[in-house]
Each structure stands twice: as structure tokens, then as C-alpha cells.
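# Per-entry structural report
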Amino acid sequence: MIPKSIKWRLQLWYGLILVVVLAGFGFTAYQLERNRQFHRIDEELHHRTGVLANALHRPPPRRPDAEEPPPFDRPPPGQFPEAGPPDQNQRPPTEFHLPPEDTHFFDASDPNAFYFVIRSRENQEIASSTNQAPGQFLAIENFFINKINRQSQSPETSRQPPPAAYSFGNFRNCIASLPSGEIIWVGCSIAPELAELRRTAMKLAGVGGVILFLGLAGGGWLVARAIKPINEISATAVRISAGDLSQRINVAEAESELGQLAAVLNATFARLETAFAQQKQFAADAAHELRTPVSVILTQTQTALNRERDAAGYKQTVEACQRAAQRMRKLIESLLALARFDAGQEVLNRRRFDLAKTISDCAELVQPLADERGVKIFAELTPLEITGDSERLAQVVTNLLTNAIQYNRPAGEVRVKLAAPSGMAVLTVADSGPGIAAADLPRVFGRFFRADPARTGAGNAGLGLAISKAIIEAHGGTIEVASGENTGTTFTVHLPA
Amino acid sequence: MRILVVEDEPDLLASLAQALREEGYAVDTANNGNDGLFNAEGTDYDAIVLDVMLPGLDGWEILKRLRKTKKTPVLMLTARDQTRDRVKGLDTGADDYVVKPFDLAEVFARLRAIIRRSANKTTNIIEIGEVKIDSAARHVFFKDKIVEITAREYALVEFLALHRGEVVTRTQLYEHLFDENDSSLSNLLDVHVSNIRKKLGAEFIATRRGHGYCIE
């Protein structure tokens, strides 16, 4: 079963790879050592084979102009060439004299000494060492001799590779067949070498085990180190999901991949927190706006009910309650409109209409308010047909004009201009009021923003510009504000025609 | 008892003032911060009902400035019921607060409480000899029998009782029993005192000629 934890999965894969690499390395090292040992033994065997061959009578020299052997007699390349053709003529009995200087090669007192057997081509034993190969190998000997006899002979002695060596149990044997037909079998015990190889294998396994252990420990440490930021991230995310939105991931290494992830997550958390705070503020503001009209209704009705009133008294109370209810209705409608725009559910009733006509209608509508404040409205309107929701856009224009009148100085002026440079409808509404403080400008289109926080009267909840912005943006347009101290405020609306 | 109500929502201000007058208080009103502070500093009110969000000076600013000169008990009306707003109000020197929307009964009870506390009284019952005043029910008992008394007479009795042992001048009485809308006649006070003496005994209110009145 594969563990679920990334840490343990990494550890597992890492361990597996490490084991494979170590095994491969150990096996190769073992093989190299084994080959080296065997190569050394084989060279000694070959050397002794040569010594023994020299101790035999010299074979008759071959003439270089000898007839070419038939092609099918050629052995495959790399194969040890064979003894002479079996149909060769009878030879005189072979003599064998090991030179005294070479006897040390076959010192019988050494338990691991080399042994040899030399046979004639008639398979008669010509000579053998005093320490013979163990009896059980005599059967094997025949196998080798048969094997050699079956192989064809190569006539090119100059290209003869060294005779092959074979391992049997604890013995290494080399069987060479001379061109003259004799067979020399030289062997030795390789028990010490095999023991040495076993020790080497044990050492390799031990070293491999230690490396594996160290590797796993180091790997575990590395994995834990690599996983640590992920654990921090998940711990932070847990705290955030538990409700503490102010939590952030501690970004120690901003350059690393996890550092970048943490930075991205932190930015997301910050946006979430801001959105949550805005939502909370919005709900608090909405509740706040509803408190005052509800207070009016409560105090009015409670006062009225405290004792018997005349008809006029009750009428007064009912009228006050009606005003409060109207104010709440207006607020609720605004909130619903904003919610619909937020959710993208507001359906615009789009059609072609003359924006200039709509603006002049709106200016007429707010004229009484302007007269009341002594504010003059100057309009400079170019007739311009656009596609949009005329009622919603009229709401925007009325809102901008009302603001321009309300936040104007006494006997001030409002300038409305509609132009169409480069195909866009550009509407500007400029007042000559005291302007908006630079610090407040970014919040002008925010919800429940009021230049004067106490100006709660007249049902002005500070949602007008927020709704206007939502309407303009739903039309694919933009609305901007520019304001200077004592130079007045200018709202500029761009609408696609 | 004379109370100042500072509130910018006209319908709320009107009904609060009417309800308080019907409770027997003399009520002055202000619909913006500047007028509110001017009134609060110029007159010795028994209590001030102060909205936080006001055009001009806001409620906290009025409170801060008022506290430099006067200890008038202040009941704040706040639309925000967040703890930090209430803490800010109380720390600035408000005596109590009510969160909008409120019940009139609660406003009255809290007003009575801050007025009582400012006169160092802990209960609604004041006993002076055979006279007992229940300021919560606005009843006066004489020899354990309830006495029929007008709102203005009750206010006079309560004010003198709260300032027991002090000589209360006629000016003080005018200031606390009549609001700026009353066209009070100078002998109206004597009429009230005389009526009270008929109901609660001649010795209940002593006249200090040239100074004012006193309950011993």
C-alpha cells in the first residue's frame, strides 16, 4: 500500500532509487573485482600452460606455404583453435621433461598449488602433477576433452587467443590443446580468491547498507525540510478557515517556489480579508442606515400610544411613520439594486434613445431643487443617440445633478456638457462647490460614502454614486471624478454610443 | 427637570421632545452640533440626550468640549452598537448610552438613572418626613396615601427633594422647570409652591425670603 503522505511517498521512492543505484554500483564493483582476480589467475594458468607446452617436445614447424584449410574448418572468430586434424599421422611417443627452474610452478607443498595433466592425442596420460585435481573432476575432465575434440582446429597459430579457462566449484581450470594434438590441463584451487571475493561482497554490502542508512536519514531530513513550508502554509490556511482572516504565511524565502506560492496565497488571503471586511462594513452600514428610521417609527408610535390623542396628533404620527418607511424603502431599493448589479442579475432595458433629451429632462426635474438653493444650471448638449437603459441612465444623471446642487455653494452653478468625440458619449457634470478632500476622492464611489458623515437627512444614504457607477459599468462605460479645493468637483462619464 | 435633546432627524427629535414633555420634563431641542453645544454650555440642564452623528460638531466633540466646563449627565444615542463606539462614548465622558432603535421606556429609565446618580441617590424612592417620592412612577405619597399632583408640581417637588438641604433660587427653579418655549410668568412658581403646600403640608417647603425655596 502506498502511503498517502507526500513525505513518506517521497521517502519511499527515494529509498527505492537509492537501493537500485547502490545495488548496481555494488554489483559492478564486485564484478570488476571478480574479473580482476580471475584474469590474474587465468594469466597464471596460461603462463603455466606455456611452460608445460615448452616442456613437451616442440611440435614440427608449420610451413607458411601450407595448403589452405577448407573454409568450413575455420572456427568462429574468438574461439580457441583446436588441436590438429584427427586424421593426422601417427607420431612418436611424446617426451616430457619439466625444466628444474620451472618446477616451482607446481610446488605440491602449497595446498593451493597448481596441478596439471597432460594427455597425448590418444588420450594417454603423458605426465601429471603430484597433486592431482580432486577425483570428482576426472569426469569433468572427459567432458572438456570431448568438447575440445569436437571443436575444429584453426591452422593460424599466430592468431590463437589464449586457451579458455573454466571455473568448477573452488577450482579454475585451463585446458589447452596443442597443435600437435596433446592436451594440457592446468588447474588450481581458487578457494582463497573466492573467500576474498566473498569478503569483498560483504564489505560492499556493509558499505552499501551504511550509505543507504545515511542516505535515507539525509533524505528524510531534506524531505522534512522541503515539506516544512507546506506544513506552515496548511497550518495558516487552517487558522484562516477557522475564522482568523488576519493570518498570513511567514514567507522566509521569497525566491523559492514555495515562497512564491506563499506570496500568492498571502495576496489571496489579503484580498479575502478585504472583501470580508467590506462585506461586514457594508452590512454594518446598511443596518446603521435602517436604525434611524426604525427609531423614528418606534418613538413616534410609542409617544402617540402613551395617551389619547386628537385626530391631528395621530395624523402627525402616521405622517412621520410614513416618511420613515419611505426612507427605508428607498434604502432597501438601493441595496437591492446594488446587490443585483453585484450579482450581474440586473437586466438593462436597452434601446436607442437621445441621451441629450434625457439629460435635459433630468435637468428640468431637479430645477426646483436648484431654485431653492439659488444654483444655476448651464447645459451644453449635443444631440446624441446611444443604446442603453434610458431610465437607469436618467437615474445616474439625476443623481449627479442633485449632488452638484446639494454640495454647491449658495448661488453657485452647475455645468452639464454632452459631447461625442471619437464615437464615445462624454458627459461632464461640474459644480462650483467647495470640492472633495483629496483623501476622500478614492472613496467617493464607495458604498455609504458621505462627504459629511452626519448628513443623514433627506434620505441620503451615500449609495447614489455607488449605484451610478454600477449602472455606468453595466453599460460598458466609465465614471471618473476630479476635484480641487474651492474649484469644484467634476464628474466625467464615458459611454459607448 | 430640564433636558436638552440634540438630534438631527426631525421626526425623531419631535417625538422624543414630546414624549419627554409628557413625562413632565422641560425640554429644549437642538438639531445640530453647534446649537447643541451652545445650549449645553449656556444652561444647567439636568440631563442631555445627545445623538452621536450630527451635522456640525458630532456628539463626541460636543461631549469633549462640554466636559471642560460642566458635569451635566449625558445619555448618548448611537446607531452603532459596536463595542468600540460604546467604549469611546463612555470614555469621553458619557454617563450612559442607548443604541438605536430604542424603546422610549428604556430612554426614560436611563435618563432617570443618570439624573439620580448625579444627585448621589441610589434608589427611586426619596422619603422626607411623611412625604415619599417615587421618581420612577412619578408619584408622591403623603402619609402613605397617593397625592394627586400635576406634572409641573411633581417636577418642582422632585427637584427640591433631589437638592434637599440646599436653598434653590427662583432662577434655578425657572431654569429647571421651564424650557425655552415656556412663557413663564414670575408668579407661576408661587402658585405651584402654594398648591404643593396645600397637598403636602405647609412646612414641607420653606421659603427663604430673598433667596429661594428649600426642603429641610
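As the structure is a prediction and not an experimental result, all values here were calculated from the model.

When helices and strands are counted, chain B shows eight helices and twelve strands. Expressed as a percentage of contacts within chain B between residues at least 6 apart in sequence, the contacts between residues at least 24 apart total 56%.

Now for the overall build of chain A. Looking only at helices and strands, one finds eight helices and twelve strands in chain A. Burial status across chain A gives 23% buried among its 497 residues. Taking the contacts inside chain A whose residues are at least 6 apart along the sequence as the reference set, 68% of them involve residues at least 24 apart.

This next bit is on the interface of chain A and chain B. A common way to report how large an interface is uses the accessible area buried once the components associate. Contact residues are listed per partner, giving 22 residues for chain A and 20 residues for chain B. For the side of chain A that touches chain B, the elements supplying multiple residues, two or more each, are helix H4 (257-306) and helix H5 (311-343) of chain A. Considering each element in turn, the side of chain A that touches chain B owes the most residues, twelve residues, to H4 of chain A. When its residues are assigned to classes, the side of chain A that touches chain B shows seven nonpolar, ten polar and five charged.

This next bit is on unusual backbone geometry. Put simply, Lys-100 of chain B and Pro-101 of chain B share a cis peptide bond, and its omega is -5°. Here Pro-101 of chain B lies in the loop between strand S5 (96-99) and helix H5 (104-118). A positive phi angle, near 60°, is found at Ala-411 of chain A, a position not held by glycine. Locating Ala-411 of chain A in the fold gives a position in the loop between helix H7 (390-406) and strand S9 (413-419).

The subject of this paragraph is the sheet that holds strand S2 (residues 26-30) of chain B. Residue and element names in this part refer to chain B. If you trace the five strands from one edge of the open sheet to the other, you get S2-S1-S3-S4-S5, paired in parallel fashion. At either end of the open sheet lies a strand with only one pairing partner, and these are S2 and S5. Across the sheet, the mean angle separating the axes of adjacent strands is 20° when strand polarity is ignored. One ladder, built from four bridges, connects strand S3 (residues 47-51) with strand S4 (residues 74-78); its direction is parallel. Residue pairing for S4: Ile-48 is matched across the bridge by Val-74. Contacts between H5 and the sheet are confined to S3, S4 and S5, with S5 contributing the most and set at about 175° to the helix.

Next up on the list: the pairing of strand S8 (residues 385-388) of chain A. Residues and elements named next belong to chain A. Only one face of S8 is buried, namely the one carrying Ile-386 and Gly-388, since none of Glu-385 and Thr-387 on the opposite face is buried. The pairing of strand S6 (residues 351-354) with S8 spans four bridges and is classified as antiparallel. Pairing of Arg-351 across the sheet is with Gly-388, part of S8.

Take the sheet that holds strand S2 (residues 125-128) of chain A next. All names here are of chain A. Pairing is antiparallel in the open sheet, where five strands are placed in the order S2-S1-S5-S4-S3. Each edge of the sheet is formed by a strand with only one pairing partner; in this case those strands are S2 and strand S3 (165-168). Each strand of the sheet is rotated relative to its neighbour by a mean of 20°, with strand direction disregarded. Bridging between strand S4 (residues 171-177) and strand S5 (residues 183-189) involves seven bridges; their strand directions are antiparallel. Bridge pairing links Arg-172 to Cys-188 in S5.

Moving on to the packing of helix H3 (residues 191-241) of chain A against H4 of chain A. Relative placement of two packed helices is described by the angle separating their axes and the distance separating the axes. Residue and element names in this part refer to chain A. Where H3 contacts H4, the axes come no closer than 10 Å and their chain directions differ by 10°. Overall, the two elements H3 and H4 adopt an arrangement that is roughly parallel. Contact residues: Pro-229, Ile-230, Ile-233 and Ile-240 in H3; Leu-258, Ala-262, Leu-265 and Phe-269 in H4. Here the residues of the contact of H3 with H4 are counted per class, giving eight nonpolar, no polar and no charged.

Residues and elements named next belong to chain A. Viewed as axis vectors pointing N to C, helix H6 (residues 355-373) and H7 meet at an angle of 30°, and their least axial separation amounts to 9 Å. Taken together, the axes of H6 and H7 lie roughly parallel to each other. The hand of the H6/H7 crossing is right-handed. Contacts between H6 and H7 involve Leu-355, Thr-358, Ile-359, Asp-361, Cys-362, Ala-363, Leu-365, Val-366, Leu-369, Ala-370 and Arg-373 from the former and Ser-390, Leu-393, Ala-394, Val-397, Thr-398, Leu-401, Thr-402 and Ile-405 from the latter. Looking at the contact of H6 with H7 residue by residue, the class counts come to 13 nonpolar, four polar and two charged.

With that settled, consider H4 of chain A. Across its 50 residues, H4 of chain A extends 72 Å between first and last C-alpha, which sits within 8% of the 74 Å expected from 1.5 Å per residue. Along H4 of chain A, the residues classified as buried are Ala-262, Glu-289, Leu-290, Thr-292, Pro-293, Ser-295, Val-296, Ile-297, Thr-299, Gln-300, Thr-303 and Ala-304 of chain A.

Detailed reading of the predicted model is not advised wherever pLDDT is low. Taken as a whole, chain B shows an average pLDDT of 86; of its residues, 98% reach a score of 70 or greater. Both confidence scores are given for the complex: pTM 0.59, ipTM 0.77.

Counting 69 residues, the largest nonpolar core has Ile-3, Val-5, Ile-48, Val-49, Leu-50 and Leu-160 of chain B as the members making the most contacts within it. Ile-359, Val-397, Leu-463 and Ile-471 of chain A belong to the second-largest nonpolar core, a separate cluster that totals 39 residues.

Right, let's talk about the environment of Lys-315 of chain A for a bit. All names here are of chain A. As for its placement among the helices and strands, Lys-315 is situated in helix H5. A residue is classified by how many C-beta atoms lie within 10 Å of it, and Lys-315, with 11 of them, is exposed. As for Lys-315 and Ala-304, which are separated by eleven residues in sequence, their C-alpha atoms are 10.0 Å apart.

Further remarks concern the environment of Ala-161 of chain B. Residue and element names in this part refer to chain B. The residue Ala-161 is located in helix H6 (residues 151-162) in this model. When the 20 C-beta atoms within 10 Å are taken as the criterion, Ala-161 is described as buried. In the structure, Ala-161 is positioned 54 residues away from Ile-215 in sequence and 6.5 Å away in space, judged by C-alpha atoms. Beyond its immediate stretch of four places on either side in the chain, Ala-161 contacts Ile-126, Ile-128, Ile-133 and Ile-215.

Glancing now at helix H3 (residues 59-66) of chain B. Residue and element names in this part refer to chain B. All of the buried residues in H3 are Gly-59, Trp-60, Ile-62, Leu-63 and Leu-66. Summarising the axial view, the buried residues of H3 lie within an arc of 160°, below the 170-degree limit, and thus occupy one face. On its buried face, H3 sits against helix H2 (33-42), S3, S4 and helix H4 (83-92).

This part covers the confidence of the model for chain A. Residues and elements named next belong to chain A. Across chain A, pLDDT averages 80, with 81% of residues at or above 70. Predicted confidence for residues 59-63 stays below pLDDT 50, and this span has four contacts to residues more than four positions away or in other chains. Within the model, the stretch residues 152-159 combines pLDDT values under 50 with 15 contacts to residues more than four positions away or in other chains.

What counts as what
- Residues numbered from 1 in each chain as written.
- Chains lettered and ligands numbered in written order.
- Predicted model: local features only at pLDDT ≥ 70, side-chain atom pairs only at ≥ 80, totals over all residues.
- Helix = DSSP H or I, 4+ residues; strand = E, 2+ residues; numbered from the N terminus.
- Contact = placed C-beta atoms within 7 Å.
- Buried ≥ 20, exposed ≤ 12 C-beta atoms within 10 Å, placed from the backbone.
- Nonpolar A, V, L, I, M, F, W, Y, C, P; charged D, E, K, R; others polar.
- Pairing = 2+ DSSP bridges.
- Axes fitted to C-alpha atoms, helices over the stretch in contact; angles between N-to-C directions.
- Parallel < 35°, antiparallel > 145°, perpendicular 65-115°, else oblique.
- Left-handed = near helix turned anticlockwise from the far one by under 90°.
- Expected span 1.5 Å × (residues − 1).
- pLDDT = per-residue confidence, 0-100.
- Core = buried A, V, L, I, M, F, W, Y, C linked by C-beta atoms within 7 Å.
- Arc of directions from axis to C-beta.

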